[in-house]
Amino acid sequence: VCHNRGMVGRALLSRAAPGFTMPAFERLAPPPAPDQVVAQIEARTAPGDIVADLHGRGGWIARAAIDRQRRGLTLESSPLTRLLAEVVLRPPDLRHLDAAFSTLSASPKGDTSVKLAVGALFSTQCATCDRTVSADEFSWASDDAAGGEEIGPRNPTAKTYRCVICRDQRGGHEQRQIPVDDGDRARAHEEVGGETARQTLRDRFPVPDGAEALPDAILDLHTDRQLVGLLAILERIEGDLRAAPVESALRLAFLHAVLPASRLGVGPGRVPVLRIAGGVVRTPLPGAVRERNPWVAFEEGFRAVRGFIQGIDSGSLGPLEARLGTDLQSLSDGGATAVIRVAGPGALAALARDGTGGEPGRGARSPRIRLILGQPPLRLNQERLAAAYHGTCWALGREAASLLPIDALAGPAIRAPWAWQSATIRRSLEAAAPLMARDGRAVLLLEGGGPEALVATVLGGVGAGYRLTDARLGDPEEEIGGIVELIPPGAAVPPGPRTRAGRALDPVPGSSGDPDMVSAPGLFSPPERVDARPFSAIEAGRTITEVAVEVLRERGEPARYERLFSEILLGLDRAGHLRRLLVASAADPTVADRAAPAPSGATDRASVAEPIDRVLTLIRDELSGPGQHRVTEVAPGRWWLAARRDLEGAAVPLADRVEWAVYSLLSTSGPLDEQAFQERVAALFAGHDLPDEALVRSCLASYRSPSSTGDRLVTADDVRRRTAEHTEMLARLADAGHRLGMKVWLGRREQGRRFGAGTLGDLLRPSERTAWLAGIARASAEDLEEVDCIWYGRGRTAFLFEVEWTAMLGDLVLRRHSRIAADDRLVRFLAVAPERANLIRHKLGASPILNSAIEADNWHIVLWPHLISWLTSEPLDLAGLERYLGLEPAVAGRGQQLDLFAPPEERP
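Since the model is a prediction, treat every value here as computed from it, not as a measurement.

With that settled, consider the overall build of the chain. When helices and strands are counted, the chain shows 34 helices and 28 strands. Out of the 908 residues belonging to the chain, those deemed buried represent 57%. When contacts within the chain are restricted to residue pairs at least 6 apart in sequence, those whose partners lie at least 24 apart make up 70%. Just so you have it, the chain exposes about 36,900 Å², and 51% of that area is on carbon and sulfur atoms.

Here is the structure:
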């Protein structure tokens, strides 16, 4: 339910959970979706449990855990995210932070203070009052040398400053921009101790092998007086004694001042992008570079950090501060609520050993992790690595920056492959396995990347000995790219979701959770031990087809490839194929099966070395192979059943079941708020039946009353009233058919409904009640007797009317009317309540088979009010019906009439 809650609704948003971040971390370490984090923590853990994030991005998971009375462990992915986590988990008191900033600005620097000393480097004259002021920035003209290398700015051309005196005495804007004067040009080239500052700052940068000039290239992004000013600020941050949370906040403010104060600065509130490749700064300088006053940039960074901390303090529990521990044992025995460390080889095992004095997990009181929650490690690219190197060197220094893979900066542009991410996940989960509670879970929230990201994460978990219990790719409108849920080695595998027949969709029912216990090729066969069995692409292909068919049968409607792909991965793991594939790849990546060709036409062939590619290729080839006769791609990215036997066993379309569930909740559960509604819907549909969020929204919008609010959802639809309207509509149709001189039939079940002083059947003539309907169309009399209303005449001309107040069209269009053969003289009308128009539009757009059936069987949709307008018109003209047709009818006329009796290919 917790997964469905996040996929279906957005009701559990917590202001203390991640939902915002500092600008410098937007590309470097974007946080997870807040509602997913909250939903997982609340559903999987209880107060006092340990929640671990093995690839932290700033302590967000631990913060959300602590806010909900859990204990958090975060292994941060880099020193910079470790710095951010310090502020997220222990936000300083704003009064203390303000005092620290004031103290820093007033700290002595020579004969004056730091703030005034830095400002003096950028002193200028006000053009109005001739007073000395400190410029906010200077603009320089930049020249490009041949070969594309930057020479750098030569002289300032304009200055921006603020003069409070002129603003108060003469009015106008406080900030002014004017051309520079001779004094500004002279001061721009004065010696201010730039070389000394450059040498001190250079020592903060570890040098990548083969990129010895890189530190100088980074420092060259600043002028000498900028370097002197930045160094003065940095020395006071690192030199003064203050509380760790306050110092971390000041370092973050400084981090947000460095790049904006460089020649790459693009304006207030925007963090420029630094690209490094081949040991050279590749980001081109703009035509007019900005020389920002470092103190002004530091003040802006401080305001950003201060606002960030205010946002954290406004969380559900207020300014809650974590109590940091040193190891896992401190989370259990001591008063610690969080542990922060930088991830690295053996980091998790070291945490356990530090607390127990021995092997991880040893001892009766050894702490256990209840939930591993987080995102997969970010795949490094040149931009992220350059940002991490630059920011870490400036904010934290040489020792912290040495932990980064900086040698990659000396080479060409990089992009870590999916295999790297999978291997990293495997190592971290292996290290965590001895510390997991037996009923614990590992949940990884994907950001994007599609099927490749999902397979990489799944294989990382399976390779670590975990079992897969859920895998999903997110819908396009969702905040996350997907989710993977795993259980630790040795834990019992929970049963799969229940089918319509009450059977668990679990290929290994009764399994103890031992990863060696896998099933035979049959999807629901009993488990057997297959340690010695090699991976077989043929057997895996059979499982892929069986899972795809079963999922489509249970959904009852076409599924997106991403949804089908996720269920197939789950089936492959439960059948043991993923584990055997990894074993085979590790032993011999070119292993080949020598079995006979599979029924689908695919043959076992030499495997590629990369397991991720092997899984993707296997699924794609099995679904799309020339021998695949059970599933087919009915539209780009949409798959459906192809065999008649499977189609006959398909369930009622999921969209119709969701629609009826929404109406039932609104009509029988009393007033609900939106959060309760979303949770109730999420509890009704699980696993392969998980509906798209857009469908749930469309159903709710269709059935909620206009008087509903977010705190009180009700519906105006009533079955009795709708039944009466349905009966009245059939009576109108019967009368209109007779007025047109046609014979009329009303559905066998409808004839007994009360109408006026009698029944609907009384509206039919005696000969019409006993009519032989099989002569009207190529269909059985039983099927035609179920049609709500039929107008028919000589020559097998027939109009079939179905009157519906819901948008549940699956059984009507795809089943009942599929048995009534299409004919050039057979026209079908679907009269629907106007409140269902948008929901029908959504369903037609989402279901290729429903849309195709509407077109192929000559259906015409008409809304009740428009149909009544035509039925009551005088004289009643059949040709005049055309302008009333459609979900958005052109009642005023389109200038051409629809020939209802023309062949479909000849209709306009």
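Position of glycine 687 relative to the elements: it lies in the loop between helix 26 (674-684) and helix 27 (693-703). Among the residues examined, glycine 687 registers a relative accessible area of 17% and is labelled buried. With 217 residues separating them along the chain, glycine 687 and aspartate 470 place their C-alpha atoms 7.7 Å apart.

Moving on, we get to the packing of helix 28 (residues 719-739) against helix 34 (residues 864-871). Their axes nearest at 10 Å, the elements helix 28 and helix 34 cross at an angle of 30°. Judged by the angle between their axes, helix 28 and helix 34 are roughly parallel. The hand of the helix 28/helix 34 crossing is left-handed. The segment helix 28 lies against helix 34, with Arg722, Glu725, Met729, Arg732, Leu733, Ala736 and Arg739 engaging Trp864, Leu867, Ile868 and Leu871. Residues of the contact of helix 28 with helix 34, tallied by class, amount to seven nonpolar, no polar and four charged.

To continue, consider the sheet that holds strand 28 (residues 859-863). The sheet built from five strands is open, its strands ordered 22-25-26-27-28 with mixed pairing. Two strands bound the open sheet, and with one partner strand each, they are strand 22 (743-746) and strand 28. Averaged over all adjacent pairs, the angle separating strand axes in this sheet is 20°, with direction ignored. Sheet analysis places strand 25 (residues 789-792) next to strand 26 (residues 798-804), joined by four bridges and oriented antiparallel.

Right, let's get into the packing of aromatic side chains. What the rule picks out here adds up to 19 aromatic pairs. On the basis of an interplanar angle of 75° and a centroid distance of 5.4 Å, the ring pair of tyrosine 663 and tryptophan 805 is categorised as edge-to-face. Highlighted residues: tyrosine 663 in helix 25 (residues 654-668) and tryptophan 805 in the loop between strand 26 and helix 31 (810-816), separated in sequence by 142 residues. The burial state of tyrosine 663 is the same as that of tryptophan 805; both residues are buried. Grouping aromatic residues by their ring pairs yields a cluster made of Trp791, Phe799, Phe801, Phe829 and Trp870.

A word on the environment of aspartate 646. Its place among the elements puts aspartate 646 in helix 24 (residues 644-648). Sequence spacing of aspartate 646 and arginine 553 is 93 residues, and the spatial spacing of their C-alpha atoms is 6.8 Å. Beyond its immediate stretch of four places on either side in the chain, aspartate 646 contacts Val549, Arg553, Arg630 and Leu641.

Below, the discussion takes up the confidence of the model for the chain. Mean pLDDT over the chain stands at 84; residues scoring 70 or higher make up 84%. The low-confidence segment residues 144-152 (pLDDT under 50) makes 11 contacts with residues lying over four places distant or belonging to another chain. The low-confidence segment residues 589-608 (pLDDT under 50) makes 41 contacts with residues lying over four places distant or belonging to another chain.

The sheet built from seven strands is open, its strands ordered 12-2-1-13-14-16-15 with mixed pairing. In the strand order of this sheet, the two ends are held by strand 12 (338-342) and strand 15 (467-473), each with one partner. Averaged over all adjacent pairs, the angle separating strand axes in this sheet is 15°, with direction ignored. Summarising the sheet, strand 2 (residues 71-76) and strand 12 pair through five bridges and their orientation is parallel.

This paragraph deals with the pattern of salt bridges. Tallied over the full model, the rule gives 62 salt bridges. A salt bridge links aspartate 182 to arginine 185; its shortest N-O distance comes to 2.7 Å. Here the residue aspartate 182 and the residue arginine 185 both occupy positions in helix 8 (residues 182-188), the gap between them amounting to three residues, near one helical turn. Given a relative accessible area of 33%, arginine 185 falls into the partly exposed group. The residue glutamate 674 makes a salt bridge to arginine 704 at a minimum N-O spacing of 3.7 Å. In this pair, glutamate 674 sits in helix 26 while arginine 704 sits in the loop between helix 27 and helix 28, placing the two residues 30 residues apart along the sequence. Note on glutamate 674: relative accessible area 34%, which makes it partly exposed. Via salt bridges that share partners, Asp717, Arg721, Arg722, Glu725, Glu835 and Arg836 belong to a single interconnected network.

By size, the foremost hydrophobic cluster in this structure holds 82 residues, and its most contacted members are Phe25, Leu250, Phe254, Phe298, Phe308, Tyr389 and Trp394. Top contributing element to this core by residue count: helix 12 (residues 244-258), with nine residues. The next biggest cluster of nonpolar side chains, apart from the first, holds 67 residues, and it includes Val462, Ala464, Ala548 and Leu641.

The relative placement of two packed helices comes down to the angle between their axes together with the axis-to-axis distance. As a packed pair, helix 20 (residues 537-555) and helix 21 (residues 561-574) sit with axes 9 Å apart at the nearest point and diverge in direction by 130°. On the basis of the axis angle, helix 20 is oblique to helix 21. The element helix 20 and its partner helix 21 pack so that their crossing is right-handed. Contacts between helix 20 and helix 21 involve Ala540, Thr543, Ile544, Val547, Ala548, Val551, Leu552 and Arg555 on the former and, on the latter, Arg563, Leu564, Glu567, Ile568, Gly571 and Leu572.

So, about helix 23 (residues 611-624). For helix 23, built from 14 residues, the straight-helix expectation of 20 Å at 1.5 Å per residue is met to within 8% by its first-to-last C-alpha distance of 20 Å. Regarding helix 23, the residues found buried are Pro611, Ile612, Arg614, Val615, Leu616, Leu618, Ile619, Glu622 and Leu623. Its side-chain oxygen 3.2 Å from the backbone nitrogen of isoleucine 612, glutamate 610 forms the N-cap of helix 23.

In the case of a regular strand, side chains alternate between the two sheet surfaces. When strand 19 (residues 559-560) meets strand 21 (residues 638-641), the two strands line up antiparallel, connected through two bridges. Each bridged residue has a counterpart across the sheet, and for alanine 559 the counterpart in strand 21 is tryptophan 639. Across four bridges, strand 20 (residues 631-635) lies against strand 21 in antiparallel orientation. Pairing of alanine 635 across the sheet is with arginine 638, part of strand 21. A loop of two residues connects strand 20 with strand 21, the two strands running antiparallel in sequence, and glycine 637 in this loop sits at a positive phi of about 80°.

Here is what the cut-offs are and how they apply
Residues numbered from 1 in each chain as written. Predicted model: local features only at pLDDT ≥ 70, side-chain atom pairs only at ≥ 80, totals over all residues. Heavy atoms only, no water. Helix = DSSP H or I, 4+ residues; strand = E, 2+ residues; numbered from the N terminus. Buried < 20%, exposed > 50% of the residue type's maximum accessible area, 1.4 Å probe, protein only. Contact = heavy atoms within 4.5 Å. Areas by Shrake-Rupley, 256 points an atom, 1.4 Å probe, with all protein chains shown as cover. Axes fitted to C-alpha atoms, helices over the stretch in contact; angles between N-to-C directions. Parallel < 35°, antiparallel > 145°, perpendicular 65-115°, else oblique. Left-handed = near helix turned anticlockwise from the far one by under 90°. Nonpolar A, V, L, I, M, F, W, Y, C, P; charged D, E, K, R; others polar. Pairing = 2+ DSSP bridges. Phe/Tyr/Trp six-rings, centres within 6.5 Å; stacked < 30°, edge-to-face > 60°. pLDDT = per-residue confidence, 0-100. Salt bridge = Lys/Arg side-chain N within 4 Å of Asp/Glu carboxyl O. Core = buried A, V, L, I, M, F, W, Y, C linked by side-chain atoms within 4.5 Å. Expected span 1.5 Å × (residues − 1). Polar contact = N/O pair within 3.5 Å; in protein donor to acceptor, adjacent residues only side chain to side chain.

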